[in-house]
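Examination of the molecular architecture
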Amino acid sequence: QVQLVESGGDLVQAGGSLRLSCAASGRSTRRNDMGWYRQAPGKQRELVAHSTSGGSTNYASSVKGHCTISRDNAKNSVYLQMNSLKPENTAVYYCAVYSTESRSWYWGQGTQVTVSS
């Protein structure tokens, strides 16, 4: 059974910072690809940042320079540090992890990030 527990979403002012956390359970998810996605009202879910099992990372062009994805394999957790937040960063942020057992992605319940101007 794979479960993802996200935390860290909040209401912040423009220019502020937030750190999102996601802890995954389930042996089949350990040391696998993990990522953060977001969905703004009226828009499709989009990639924010991705971390591969080998340690490589990639980011959406819109967040490069002010978001950093990191992971703690011992805790089977992934984090997203967001700085210099803008109102357009307002969205529900979702954590995702790949399971080698089911060969599919699992998603968290989402955490709301709201940036006020």
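About the thresholds
Residues numbered from 1 in each chain as written. Predicted model: local features only at pLDDT ≥ 70, side-chain atom pairs only at ≥ 80, totals over all residues. Heavy atoms only, no water. Pairing = 2+ DSSP bridges. Helix = DSSP H or I, 4+ residues; strand = E, 2+ residues; numbered from the N terminus. Axes fitted to C-alpha atoms, helices over the stretch in contact; angles between N-to-C directions. Core = buried A, V, L, I, M, F, W, Y, C linked by side-chain atoms within 4.5 Å. Buried < 20%, exposed > 50% of the residue type's maximum accessible area, 1.4 Å probe, protein only.

A few words now on the sheet that holds strand S7 (residues 67-72). The four strands lie next to each other as S1-S3-S8-S7, forming an open sheet whose pairing is antiparallel. Strands at the two margins of the open sheet, each flanked by one partner only, are strand S1 (3-7) and S7. Here the strands of the sheet are splayed against their neighbours by 15° on average, with no regard to which way each runs. Relative to strand S8 (residues 77-82), strand S3 (residues 18-25) is paired through six bridges, and the arrangement is antiparallel. In the sheet register, leucine 20 faces S8, and the bridge partner there is leucine 80.

Moving on to the nonpolar core. The biggest cluster of nonpolar side chains holds 26 residues, and the ones touching the most others in it are Trp36, Leu80, Met82 and Tyr93. Elements represented by at least two residues in this core include exactly S3, strand S4 (34-39), strand S5 (46-51), S7, S8, strand S9 (91-99) and strand S11 (111-116).

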